[in-house]
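Residue-level structure breakdown
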Amino acid sequence: MDATAIEIMKTAFPYGQFTEVLDTVVIDVPEDKLHGTLARLRNYPDLDFSLLLDVTAVDYLHYPGHTGDRFAVVYTLRNWKKNRLLQVKSRVADPVKGVVSATDLWPAANWAEREVFDQYGINFKRHPDLRRILNHWQFQGHPLRKDFDIENRQICLESDSLEGPIKERLAQNGVDESTIKDINTEVMFLNLGPSHPATHGAIRILTALDGETILANVNEIGYLHRGFEKTAEQRTYNQIVPLTDRLNYCSSMLNNIAYVKAVESWMGIEITERAQFMRVVLSEFYRIQDHLVCLAANLVDMGGLTNYWYLYNEKEASYDFISRLTGARLTSSFTRIGGMYRDFYEGWEVDMENQLKDIEKGISDCLALVLQNRIVHERTQNCCAFPGETALAYGFTGPCLRASGVPFDLRKDAPYYNYEAFDFNIPVGTNGDIYDRMMVRFEEMFESMKIIRQAMKMIPGGPVFIDNKRIALPSKNEVYGNIEALASHFKLIFDGIQVPKGEWYDSFEAANGELGFHFVSDGSGQPYKCKVRPPCFYKMGGFHEMVEGEMVADAILNLGSINIIGGELDR
Amino acid sequence: MALGLEAKLGDNVLTTKLDAVVNWGRQYSLWPFIFGTACCAIEFMSAAASQHDISRWGAEVVRFSPRQADLLLVCGTISYKQAPILKRIYEQMAEPKWVVAMGACASSGGIYDNYCTVQGIDKIIPVDAYISGCPPRPEAVLDALMKIQDQIKGESLLVDRHKDFKGMLD
Ligand code: SF4
């Protein structure tokens, strides 16, 4: 972060302790100053941290050498215009009493704090709706606490009725009990999901309708909560790579890369040039894949099945290339800390170029059906529009934020892997409606292809893995041939790569937006904590605001257009 | 899987002939309900798309109402939060019905051996075919479909399947 910003903050928060970790500034503040600090960070024009990225907590129960309060909460903030990344951290003296909620500052805090409450049992005072979010309502205990046993399985006998929350939401929107019952305006409750073709996975959307118009909406997630974070605490760093495949499974490689990048930046590993270019090529290729699936599904919801074939066939064809490279179709697990699992195969350039040509054709065929199509226009334009400011307040990032006219993209604003060397544009929308969200995705695919073609020209030769015995596995020849290599192989597999003690946050522009990882390491081969900042969690958190006042059929399209992927949403 | 006839006819040549005709019909017009929750559902999408084309087995009429379907394809991880819903969907399907567990998660919990994941859907509902893989290739889905077709061939109107299955939520 720039020195001026740090100066301003140091004068504004004399009680805070400042540290710099990677490109993040961390301010440690006393518990009673937490809310005040956050409020000033949000509201001071020269600080302007308009984006709340994530809220999480750390349980220091088993952390070596830790004294004092067991829990701490961490708020991760960003000023996207000036590329300032900040974490505000505060100890929590008593989890039952908790800390003051930040929901009044950023609505994004609503779901984020619910998750902390659910996973760590930390209370947030003045939070409007502090319920469990990922785990079911009959669940006992808080899974991410260190004294919670990972095998403490708990059966859920029936789903939550959600009657309370929807009534409350109706009241907030000015519909009182008598209107609900009045015969002329009788409100109908309609439940979509969690098993419904339009929910694209397992999400539950409960709406209160007047005719077809949505008066109030509440959503329940967590149906695909698979305990990623708890499981990751029991794996070595490289063993987590396959778990990251299954976060956003439409673009598994992006998660692989984001994850290893986060670990590498902390360890100060500079991967080889070739590996960097490989990661760029593959990131952009997978970004295209992700957008293809999203748009295909979105257009099916609109009734345009032909588009599904046009777009999905290209995805299917891409699997040929992907499986030739990685050995798997969907779950690639292709990165390792320190480089790539292996190099491109011989002749990949031709395959890639053919793929790109086919994809271009598929997209153009689809666009020919969509661009001038009046039905598409009328169903998507000015529908579920979300202004830029609101989108930021809800923590939107990625294509959905850009569709609302905010040109924030980490590849431009905080470039990594030589992104500054490529010539590409960031498409932005104007209205933030469904149409813009779709079109931004279409345009982004063309931009990604541009990047891939440039990177293919620039990619240098050389190794794809760093030469460091503490990180890279020795070759099989050596393992079978000499005892040192055998011992080092054994240690790297069993104990894992030793990651220095500390806490850090690192982010990556994934297909859906900013994918961040917040790690706490105790110096061993397994992370003490590994928290994902999933882009679509925050989009879903703003869903009710997008659809209230719209028709129920539009809500379906809207859900498709924000591209919710269960694995990433619920982890 | 009663049609109501067997009470009158019992086990005789008419019912066995009827079995053959009915089973033949059922085999080649399975209507699947896709209970897709996670990554495996994306591979089902591939199985349904042009290249693998599930319609070659007569099972392309994907239904999203359990009342219209007779093949429940569970594609993806089932969490404890999801379990009561899966059971409800299964119960809403009319007999005769078959269940396929697609992928490691649905079959056994897969890589998720933890507090929130059901260790195989057969803890909740009876399963007829399991598909290994994480995720299975689309061809494996087609293979499971053929297994179900084979199984149907040998079934009889007189025998009720899974009458005394007791799951975790029963
Ligand atoms: S079996 Fe593998 S691919 Fe299928 S749902 Fe489970 S984790 Fe995903």
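Each chain has its residues counted from 1, following the order in which its sequence is written. Written order determines the labels here, with chains lettered from A and ligands numbered from 1. Since the coordinates come from a predicted model, pLDDT governs what is reported: local features require at least 70, and pairs of side-chain atoms require 80 or more to be given and counted, while whole-chain, interface and lining totals use all residues. The side-chain figures draw on all heavy atoms in the structure; neither hydrogens nor water molecules are used.

**Some words on the overall build of chain A**
The helix and strand tally for chain A stands at 22 helices and 15 strands. Two things to know: the radius of gyration comes from C-alpha atoms, and the globule rule equals 2.2 Å times the number of residues to the power 0.38. The globule rule puts the C-alpha radius of gyration for 571 residues at 25 Å, and the 24 Å found for chain A is close to it. By principal-axis analysis of the C-alpha atoms, chain A measures approximately 85 × 60 × 50 Å. Taken over 571 residues, chain A has a buried fraction of 62%. When contacts within chain A are restricted to residue pairs at least 6 apart in sequence, long-range pairs at least 24 apart make up 68% of them. When the accessible surface of chain A is split by element, carbon and sulfur atoms take 51% of a total near 20500 Å². Only runs of H or I of at least four residues qualify as helices and only runs of E of at least two qualify as strands under DSSP, and these elements are numbered from the N terminus. The rule is simple: take the accessible area with a 1.4 Å probe, protein chains only, and divide by the maximum for that residue type; under 20% is buried, over 50% is exposed, in between is partly exposed. Note on contacts: a residue pair qualifies if any of its non-hydrogen atoms lie within 4.5 Å across the two residues. Here the accessible surface of atoms and residues is derived via Shrake-Rupley with a 1.4 Å probe, and residues count as covered only by protein chains that are part of the display.

**What about the packing of aromatic side chains?**
Residue and element names in this part refer to chain A. Each aromatic pair joins two rings of Phe, Tyr and Trp (for Trp, the six-membered one) with centres within 6.5 Å, and gets the label stacked for planes under 30 degrees apart, edge-to-face for over 60, and tilted for any other angle. Considering all chains together, one arrives at 28 aromatic pairs over all chains under this definition. On the numbers, 5.9 Å between centres and 35° between planes, the contact of F386 with Y394 is tilted. Y394 shares its class with F386; the two are buried. Summarising the aromatic geometry, the rings of F517 and F519 are spaced 6.1 Å apart at their centres and angled 20° between planes, so their arrangement reads as stacked. For F517, a relative accessible area of 0% translates into the label buried. Of the aromatic side chains, those joined through ring pairs into one cluster are F277, Y416, Y417, Y419, F422, F424 and F508.

**Notes on the site of the ligand**
In the vicinity of the ligand, 14 residues are found, and the nearest of them are C39, C40, A104, C105 and C134 of chain B. Residues are classed as near a molecule or strand on a simple rule: at least one heavy atom within 4 Å of it. Neighbouring residues of the ligand are not confined to one chain but are distributed across chains A and B. Each residue gets one of three labels, nonpolar for Ala, Val, Leu, Ile, Met, Phe, Trp, Tyr, Cys and Pro, charged for Asp, Glu, Lys and Arg, and polar for the others, Gly among them. Partitioning the shell around the ligand into residue classes produces 8 nonpolar, 4 polar and 2 charged.

**Some details on the sheet that holds strand β15 (residues 527–533) of chain A**
Residues and elements named next belong to chain A. Here the rule is simple: two strands pair whenever DSSP picks up at least two bridges between them. As summarised here, the arrangement of the 3 strands in space is β13-β14-β15, forming an open sheet in which the pairing is antiparallel. The outermost strands of the open sheet, each flanked by one partner alone, are β13 (502–510) and β15. Averaged over all pairs of adjacent strands, the angle between their axes in this sheet comes to 15°, without regard to strand direction. Only the stretch in contact is used when a helix axis is fitted, and all axes are lines through C-alpha atoms; the angle between N-to-C directions ranges over 0 to 180 degrees.

**Side note on the interface of chain B and chain A**
The partner chain A presents 48 residues to the 38 residues of chain B that form the contact. Interface of chain B and chain A: buried area, both sides summed, is about 3700 Å²; carbon and sulfur atoms make up 60% of it. Counted as salt bridges are all cases of a side-chain nitrogen of Lys or Arg within 4 Å of a carboxyl oxygen of Asp or Glu. The interface formed by chain B and chain A includes 3 salt bridges. Taking the shortest distance from any N to any O, the salt bridge between E220 of chain A and K81 of chain B comes out at 3.7 Å. Any pair of N or O atoms that falls within 3.5 Å is considered a polar contact. Within protein, one atom must be able to donate a hydrogen and the other to accept it, and sequence-neighbouring residues count only if both atoms are side-chain atoms. At the boundary of chain B and chain A, one finds 14 residue pairs in polar contact (both at pLDDT 80 or more). Top contributing element to the side of chain B that touches chain A by residue count: helix α3 (residues 39–48) of chain B, with 6 residues. Its residues assigned to classes, the side of chain B that touches chain A shows 22 nonpolar, 12 polar and 4 charged. Accessible area that two parts lose when put together, with a 1.4 Å probe and added across both, is what the buried area reports.

**Digging into the pairing of strand β14 (residues 513–521) of chain A**
All names here are of chain A. The buried fraction of β14 amounts to 9 of the 9 residues, a majority that puts the element mostly inside the structure. Two elements, β13 and β14, share 9 bridges in a ladder whose sense is antiparallel. Note on β14: the bridge partner recorded for S507 is G516. Hairpin connection of β13 to β14: 2 residues between the antiparallel strands. Connecting the antiparallel pair β14 and β15 is a turn made up of 5 residues, with G523 showing a positive phi of about 90°.

**Remarks on the confidence of the model for chain B**
pLDDT: the predictor's confidence for each residue, scored from 0 to 100. Looking at chain B, pLDDT values average 83 and 95% of them are 70 or higher. On the interface metric, ipTM, the complex scores 0.83, and its pTM is 0.88.

**Some words on the domain arrangement of chain A**
Residue and element names in this part refer to chain A. Domain extents, as shown, originate in an automatic or database domain assignment. According to the domain assignment, chain A consists of domain 1 (3–125) and domain 2 (228–570). Computed from C-alpha coordinates alone, the two centres of domain 1 and domain 2 are separated by 27 Å. Residue-level contacts link 35 residues of domain 1 with 35 residues of domain 2. Carbon and sulfur atoms supply 60% of the area buried between domain 1 and domain 2, which totals about 2900 Å² over both sides. Considering only the surface of domain 1 that becomes buried against domain 2, Y63, W80 and W111 emerge as the three largest contributors, covering 23% of it.

**Some thoughts on unusual backbone geometry**
In this structure, the amide linkage connecting E95 of chain B to the following residue, P96 of chain B, adopts the cis form with an omega of -5°. Among the structural elements, P96 of chain B can be located in the loop between α4 (83–92) and β3 (98–102). With an omega of -5°, the peptide bond running from C134 of chain B to P135 of chain B counts as cis. Backbone geometry at N83 of chain A places phi at a positive 55°, although glycine is not the residue there. Tracing the backbone shows N83 of chain A in the loop between β4 (71–79) and β5 (84–92). Given a relative accessible area of 35%, N83 of chain A falls into the partly exposed group.

**A closer look at the nonpolar core**
We call a set of buried Ala, Val, Leu, Ile, Met, Phe, Trp, Tyr and Cys residues a nonpolar core when their side-chain atoms join them within 4.5 Å. With 177 residues, the main nonpolar core has Y75 and F517 of chain A as its most contacted residues. Here this core gets 14 residues from one element, more than from any other, and that element is helix α9 (residues 273–301) of chain A. Residues in contact with Y75 of chain A, not counting those within four places in the same chain, are L34, L38, L52, D54, V55, L86, Q87, V88, V100, A102, E113 and F124 of chain A. A202 of chain A together with Y80, Y90 and I124 of chain B belong to the second-largest nonpolar core, a separate cluster that totals 24 residues.

**Observations concerning the side chain of K81 of chain B**
Counting through the fold element by element, K81 of chain B comes out in the loop between β2 (71–75) and α4. The exposure class assigned to K81 of chain B is buried, which follows from its relative accessible area of 6%. Of the polar contacts made by the side chain of K81 of chain B, one reaches the backbone oxygen of I133 of chain A; its length is 3.2 Å. A polar side-chain atom of K81 of chain B sits 2.6 Å from the main-chain carbonyl oxygen of I221 of chain A. Leaving out residues up to four positions away in the same chain, K81 of chain B has contacts with I133, L134, N135, H136, C156, E220, I221, G222 and Y223 of chain A.

**Side note on the sheet that holds strand β8 (residues 188–192) of chain A**
Residue and element names in this part refer to chain A. If you trace the 3 strands from one edge of the open sheet to the other, you get β8-β9-β10, paired in antiparallel fashion. Pairing within the sheet leaves two strands with one partner each, and these edge strands are β8 and β10 (213–220). For this sheet the average axis-to-axis angle between neighbouring strands, irrespective of direction, equals 20°. Summarising the sheet, β8 and strand β9 (residues 204–210) pair through 5 bridges and their orientation is antiparallel. By the bridge assignment, M188 is partnered in β9 with L209.

**Let's talk about the pairing of β15 of chain A**
All names here are of chain A. Most of β15 sits out of view: 7 of its 7 residues are buried. Strand direction decides the pairing type here: β14 and β15, joined by 6 bridges, are antiparallel. Its bridge partner lying in β15, G516 is registered against R533.

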